[in-house]
Amino acid sequence: MNKALLNSLTEKEAALVREADPAALRELDEDQLLELHERVRRERSKHLKVYRRGASAAVETVGGRGKAYDQNQRARAKVEVFESVLAQVSRQVSAAARKASQELRAERIAAARAATSAGPPRETPVNDGGTPVPSVRRDSTRTTGGLKRDASSRAQGARRQGARDAR
């Protein structure tokens, strides 16, 4: 970044830029990074509005966008400074969020593994020959609340199929 421009920033703006130094960002946790990201984004948006308003006003007085471009250079440079600071903070927020996500995922996997191994191991029944007996699964009954209703639904389906077959 341009040192002359950094020296021309107000104390509040310079402090915000110093907070976004990579060494300082590594010390912040995710919530602090998000708060800093919000402040930098607000500052960038403010300077962007100032730049756009100044540019549009200069176009009217000078008579063209090309001529007005040079007159608004400092405001444009401030926007670029805060844009680069915002990018630094965004990258750090992304890294912190990724790290927190991986930690949370590891905790959940560990909790799930602990929950599934809590019970005693299952034993399969063995018949006289020493081979495991396959489990006999009962047929599940699909019911909507009554045998008559189920029979009516099956009959209705059969009637529809019969009408299709008759075509």
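Preceding this section is the structure that the text describes.
Since this is a predicted model, take the numbers as computed values, not measurements.

K.L.:
Please explain a positive patch on the surface as it appears in this structure.
P.N.:
Side chains of R159, R160, R164 and R167 sit close together on the surface and give a patch of like positive charge. Its place among the elements puts R159 in helix 7 (residues 147-166).

K.L.:
Is there a simple way to think about the packing of helix 2 (residues 11-19) against helix 4 (residues 30-62) in this case?
P.N.:
Geometrically, a packed helix pair is captured by the angle between its two axes and the distance between the axes. Between helix 2 and helix 4, the least distance of the axes is 11 Å, while the angle of their chain directions is 135 degrees. Relative to helix 4, the element helix 2 lies oblique. Once helix 2 is placed against helix 4, the crossing between them reads as left-handed. Along the contact surface, helix 2 presents K12, E13, L16 and E19, while helix 4 presents L36, R39, V40, E43, K46 and H47.

K.L.:
Would you mind showing me how to read the environment of V79 here?
P.N.:
Considering the arrangement of structural elements, one finds V79 in helix 6 (residues 73-116). Note on V79: relative accessible area 11%, which makes it buried. It is 8.1 Å that separates the C-alpha atoms of V79 and S45, two residues lying 34 residues apart in sequence. Sequence-distant contacts of V79, defined by excluding residues within four places in its chain, comprise R44, H47, L48 and Y51.

K.L.:
Looking at this structure, how should I read the pattern of salt bridges?
P.N.:
A full pass over the atoms with the stated rule returns 9 salt bridges. We note a salt bridge from E35 to R39, for which the minimum N-O separation is 2.8 Å. One end of the pair is E35 and the other is R39, both in helix 4 and 4 residues apart, which spans about a single turn. Of the charged contacts, one joins R44 and E83 as a salt bridge, the two residues approaching to 3.0 Å between their closest N and O atoms. With a gap of 39 residues between them, R44 in helix 4 and E83 in helix 6 connect regions that are remote in the sequence. Judged by relative accessible area, R44 falls into the buried class, the value being 17%. Judged by its relative accessible area of 37%, E83 falls in the partly exposed class. Salt bridges sharing partners connect three or more residues here, namely K12, E43 and K46.

K.L.:
Help me understand the environment of L9 in this model?
P.N.:
By secondary structure assignment, the location of L9 is in the loop between helix 1 (3-8) and helix 2. Judged by relative accessible area, which is 9%, L9 ranks as buried. C-alpha separation for the pair L9 and K78, spaced 69 residues apart in sequence, amounts to 8.2 Å. Ignoring sequence-local partners within four residues, the contact set of L9 consists of A14, V17 and K78.

K.L.:
Please clarify how the nonpolar core should be interpreted in this entry.
P.N.:
Within soluble globular proteins, side chains that are nonpolar tend to cluster in buried spots. Counting 17 residues, the largest nonpolar core has V17, L36, V40, V85 and V89 as its most contacted members. Mapped onto this core, the elements with two or more residues apiece are helix 2, helix 4 and helix 6. Looking at which element gives the most residues to this core, the answer is helix 6, with 7 residues.

K.L.:
Sorry, what's going on with the packing of helix 4 against helix 6 here?
P.N.:
Close contact between helix 4 and helix 6 brings their axes to 9 Å; oriented N to C, the two are set at 160 degrees. One element, helix 4, and the other, helix 6, form an angle in the roughly antiparallel class. In the crossing of helix 4 with helix 6, the sense of the turn from one axis to the other is left-handed. Within the contact of helix 4 with helix 6, the residues separate by chemical class into 16 nonpolar, 4 polar and 7 charged.

What counts, and where the lines are drawn
- Residues numbered from 1 in each chain as written.
- Predicted model: local features only at pLDDT ≥ 70, side-chain atom pairs only at ≥ 80, totals over all residues.
- Heavy atoms only, no water.
- Patch = residues over 30% accessible without salt bridge, like charges linked within 9 Å, V, L, I, M, F, W, Y side chains within 5 Å.
- Areas by Shrake-Rupley, 256 points an atom, 1.4 Å probe, with all protein chains shown as cover.
- Salt bridge = Lys/Arg side-chain N within 4 Å of Asp/Glu carboxyl O.
- Lys, Arg positive; Asp, Glu negative; His and termini not counted.
- Charge placed at Lys NZ, Arg CZ, Asp CG, Glu CD.
- Helix = DSSP H or I, 4+ residues; strand = E, 2+ residues; numbered from the N terminus.
- Axes fitted to C-alpha atoms, helices over the stretch in contact; angles between N-to-C directions.
- Parallel < 35°, antiparallel > 145°, perpendicular 65-115°, else oblique.
- Left-handed = near helix turned anticlockwise from the far one by under 90°.
- Contact = heavy atoms within 4.5 Å.
- Buried < 20%, exposed > 50% of the residue type's maximum accessible area, 1.4 Å probe, protein only.
- Core = buried A, V, L, I, M, F, W, Y, C linked by side-chain atoms within 4.5 Å.
- Nonpolar A, V, L, I, M, F, W, Y, C, P; charged D, E, K, R; others polar.

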